[in-house]
Amino acid sequence: MTRKPPVPAQAGCDSADGGSCRRLALKERPLLTFVESVKVMALFKVLANDTRVRLLHHLVRSAEATVTDMAKTLGMKPQAVSNQLVRLSDTGMLASRRDAPVDDPVVHVVPVPPLLDLALCLMEEEGCTPSSRGG
């Protein structure tokens, strides 16, 4: 059994279950393996869709929403929204709960706000950092 290297205390993240996880800072990590790089590529492919990015942004703005709410806001059919949410959910970016009617679960975004904020930051101005946006 191999042991994992100690993780610096300053590198943290929020996990989907509301707990906290610890990771090595990116510059301290070993070079990505082929499998890891393919997983990252797949994540970015899922994000490379204007509808999914808009859905994520809506969820960041509203904290959570039902499929029906998202469909109305984005001018889409609920089934089309649901199909896109499945793709996002498969990556672990979304979580849902069923306290609403079974056919209209409440969806909320998990670790995406910093990633979306960074993308907008890169598009808007040079030298911008997500923390400087007030995100």
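Residues numbered from 1 in each chain as written. Predicted model: local features only at pLDDT ≥ 70, side-chain atom pairs only at ≥ 80, totals over all residues. Heavy atoms only, no water.

Details of the overall build of the chain
As a reminder, the rule being used: To qualify as a helix, a DSSP run of H or I must reach at least 4 residues; to qualify as a strand, a run of E must reach at least 2; elements of each kind are numbered from the N terminus. For every residue, the accessible area (1.4 Å probe, protein chains only) is compared with the maximum for its type, and the residue is labelled buried under 20%, exposed over 50%, or partly exposed between those bounds. Every residue pair with non-hydrogen atoms within 4.5 Å of one another is taken to be in contact. Only the protein chains shown count as covering a residue, and every accessible area follows the Shrake-Rupley method with a 1.4 Å probe.
From N to C terminus, the chain includes 5 helices and 5 strands. Put simply, the chain runs from its N terminus to its C terminus through helices and strands in the order β-β-α-α-β-α-α-β-β-α. Sorting the 135 residues of the chain into buried and exposed places 25% on the buried side. Contacts spanning at least 24 positions in sequence make up 40% of the contacts within the chain whose residues lie at least 6 apart. Element-wise, carbon and sulfur atoms account for 57% of the exposed surface of the chain, whose accessible area totals about 9,800 Å².

Quick look at the side chain of His-58
Mapped onto the elements, His-58 comes out in helix α2 (residues 50-62). Excluding its chain neighbours within four sequence positions, the residues that come into contact with His-58 are Ala-65, Met-70, Thr-73 and Leu-74.

Regarding the packing of helix α3 (residues 67-74) against helix α4 (residues 78-90)
Formally: Convention adopted: a line fitted to C-alpha atoms gives each axis, helices being fitted over their contacting stretch, and angles between N-to-C directions are expressed from 0 to 180 degrees. Each angle gets one of four labels, with under 35 degrees taken as roughly parallel, over 145 as roughly antiparallel, 65 to 115 as roughly perpendicular, and the rest as oblique. Just so you know the grouping, Ala, Val, Leu, Ile, Met, Phe, Trp, Tyr, Cys and Pro go in nonpolar, Asp, Glu, Lys and Arg go in charged, and all remaining residues, Gly too, go in polar.
Interhelical geometry of α3 versus α4 gives an angle of 110° and a closest axis separation of 8 Å. Between α3 and α4, the crossing angle belongs to the class labelled roughly perpendicular. In contact with Val-67, Met-70 and Ala-71 of α3, α4 contributes Pro-78, Val-81, Ser-82 and Leu-85. In terms of residue class, the contact of α3 with α4 is made up of 6 nonpolar, 1 polar and no charged.

Details of the side chain of Gln-84
The residue Gln-84 is located in helix α4 in this model. The contact partners of Gln-84, leaving out residues within four places of it in the chain, are Asn-49, Thr-51, Arg-52 and Leu-55.

Describing the nonpolar core
Spelled out, the test is: The definition of a nonpolar core used throughout is a set of buried Ala, Val, Leu, Ile, Met, Phe, Trp, Tyr and Cys residues joined through side-chain atoms within 4.5 Å.
Ranked by size, the top nonpolar core spans 16 residues in total, and within it Met-70, Val-81, Leu-85, Leu-88 and Leu-94 carry the most contacts. Counting residues per element, this core draws most heavily on α3, at 4 residues. Apart from the residues within four sequence positions on either side, Leu-85 is in contact with Leu-55, Val-67, Met-70, Leu-94 and Val-107.

Looking at a nonpolar patch on the surface
Condition: Here, patches come from residues exposed beyond 30% relative accessible area and free of salt bridges, joined within 9 Å for like charges and within 5 Å for nonpolar side chains (Val, Leu, Ile, Met, Phe, Trp, Tyr). The term salt bridge refers to a side-chain nitrogen of Lys or Arg lying within 4 Å of a carboxyl oxygen of Asp or Glu.
On the surface, Leu-32, Val-40, Phe-44 and Leu-115 cluster together into a nonpolar patch covering about 330 Å² of accessible area. When you line up the elements, Leu-115 lands in helix α5 (residues 113-124). Taking the relative accessible area as the measure of exposure, Leu-115 reaches 33% and is therefore partly exposed.

What about the packing of α2 against α3?
Counted only if it meets this: By the definition used in this description, the sense in which the near helix is turned from the far one sets the handedness, with an anticlockwise turn below a right angle giving left-handed and a clockwise turn giving right-handed.
Between α2 and α3, whose axes approach to 11 Å, the crossing angle comes to 115°. In this structure, α2 meets α3 at a crossing whose hand is right-handed. Contact with α2, carried on its side by Thr-51, Arg-54, Leu-55, His-58 and Leu-59, involves Met-70, Thr-73 and Leu-74 of α3 and no other residues of that element. Tallied by class, residues from the contact of α2 with α3 come to 4 nonpolar, 3 polar and 1 charged.

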